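In case you want the letters, here they are:
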Amino acid sequence: MTETVLLVGGGGREHAIARALSESDAALYACAGNRNPGIAEIAAGVETLDTTDPEAVVEYAESVDATLAVVGPEAPLAAGVADALDDAGVYAFGPQEAEARIETDKSFQREFMAENDVSGCPDFEVFEDGEAACEYIDEYDGDLVIKPAGLTGGKGVKVIGDQVTAEEGKEYIRESEYDRIVLEERLVGEEFTVQGFVANGSLRITPAVQDHKRAYEGDEGPNTGGMGSYSDASFQLPFMHEGDSAEALAIMREVVDALDGYKGVLYGQFMLTADGIKVVEFNARFGDPEAMNTLPVLETDFLDVLVAAREGEALPELDFAEHATVCKYAVPDGYPTDPDAGAKVTISDENAGDAILYYASVDAREDGIYTTTSRSYAVVGVADSITEAEEIAEDALERAGTDGLRVRHDIGKPDLVQQRIDHIEQLRE
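Worth saying up front: this structure is predicted, and the values here are computed from it rather than measured.

(A) Structural detail: the overall build of the protein. When you go through the protein residue by residue, the secondary structure sums to 14 helices and 24 strands. Whereas a compact globule of 429 residues would reach a radius of gyration of roughly 22 Å, the protein reaches 21 Å, a difference of no more than 12%. Overall size of the protein, expressed as C-alpha extent along the three principal axes, is 60 × 45 × 45 Å. Each of the 429 residues in the protein was classed as buried or not, and the buried ones make up 58%. A sequence separation of at least 24 residues applies to 67% of the contacts in the protein between residues at least 6 apart. Carbon and sulfur atoms make up 41% of the accessible area of the protein, which amounts to about 16800 Å² in all.

See the structure below:
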């Protein structure tokens, strides 16, 4: 039987999912609030709709006779889209609303970890009273991370001692309209992400990736949705040991065992510290950009994973090409604080060289493709080493030009990777 897969979402992550499924024996349809030209080129049909409206998504799924669905972004998961698809008989590879709270409610996330003795949980407290949170900052011996409990697109977190002072942190809390705030100890080390496919009790992990959230080179500036990322030709990053991967996998296994019925992608963001692995957060879907590092090197048919999940079977073991990847996002000038839209995007598959192109948030018009106010597109180099992969990504950017756009050119460069290695060696001493 030929499967018909509905892809929910229209960003760079979803373009990566679409590319992975385009190599499968499946008919692909997509729905999103925007029209991603890269997905439109691959899919048999694309519908523009509100992906946080479960009824609208189900109606489109039924109109194309979808047999499977993949939910890309977190907002539809929070809105119960996976629940509605499952109820309609369309198996959704994505957690239902209750399980998606592992991402969508950061107070639930930490309390869940504490109640189930999940390893790597930092000190934390949850506050509904802003003034009480401010008092906690005054009394706490050390720096804290301020996290709104709900979804903020990766941009709501403030780190005292790094991004803001304690006084600025308290001002942020007082001026915000968040109904709940999580304060947790600031972790010092190197962040990395491990994404896992989960269904029927199975957990299959993908290679570790390091994302770069800060807007400017040298890890300066405000947080963004992610400016780029890299992975190595093994499951570990250059600053990691095999034991670090094993420890992260064990933590993810604890979550899967405790969160009964979870299905989809579990994204573990970890901090490698002097005291071992700590959990920065969990997400309930592929990372963006991390999906663009892992899916291009996945040699197992992604459709086989989806079908096994639906059929209640153990997920297949995953095979990955032994290649490194470097992903670099091009974003509009001024992003993320005051982005300028309307610059023409000149890159295409034809002029990207050996890099893989993923469109994200762009405006496809009759006379071309233009930037919006969010991340525009990503290029990914795939090669035997991080250095070679970075050169492929840079070559694509040079070929196409980036007028009206900004890129973090330092991502994947040898000196920045070496800084990560040196940092962890210092912490391990």
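(B) The sheet that holds strand S7 (residues 144-148), seen in detail. With antiparallel pairing, the 4 strands of this open sheet are ordered in space as S6-S9-S7-S8. Of all the strands in the sheet, just strand S6 (124-127) and strand S8 (158-159) have a single pairing partner and so form its edges. Alignment of S6 against strand S9 (residues 181-185), held across 4 bridges, turns out to be antiparallel. Across the sheet, residue Val 126 finds its bridge partner in S9, namely Val 182. Across the sheet, helix H8 (residues 130-139) is in contact with S6, S7 and S9; its angle to S6 comes to roughly 155°. Across the sheet, helix H9 (residues 166-175) is in contact with S7, S8 and S9; its angle to S7 comes to roughly 15°.

(C) Quick look at the pairing of strand S23 (residues 377-383). Most of S23 sits inside the fold, with 6 of its 7 residues counted as buried. Taken together, the 7 bridges between strand S18 (residues 324-332) and S23 define a ladder with antiparallel strand orientation. Residue pairing in the sheet places Tyr 329 in a bridge with Ala 378 of S23. Bridging between strand S20 (residues 356-359) and S23 involves 4 bridges; their strand directions are antiparallel. By the bridge assignment for S23, Tyr 358 is matched with Ala 378.

The rules behind the values
- Residues numbered from 1 in each chain as written.
- Predicted model: local features only at pLDDT ≥ 70, side-chain atom pairs only at ≥ 80, totals over all residues.
- Heavy atoms only, no water.
- Helix = DSSP H or I, 4+ residues; strand = E, 2+ residues; numbered from the N terminus.
- Rg over C-alpha atoms; globule rule 2.2 N^0.38 Å.
- Buried < 20%, exposed > 50% of the residue type's maximum accessible area, 1.4 Å probe, protein only.
- Contact = heavy atoms within 4.5 Å.
- Areas by Shrake-Rupley, 256 points an atom, 1.4 Å probe, with all protein chains shown as cover.
- Pairing = 2+ DSSP bridges.
- Axes fitted to C-alpha atoms, helices over the stretch in contact; angles between N-to-C directions.

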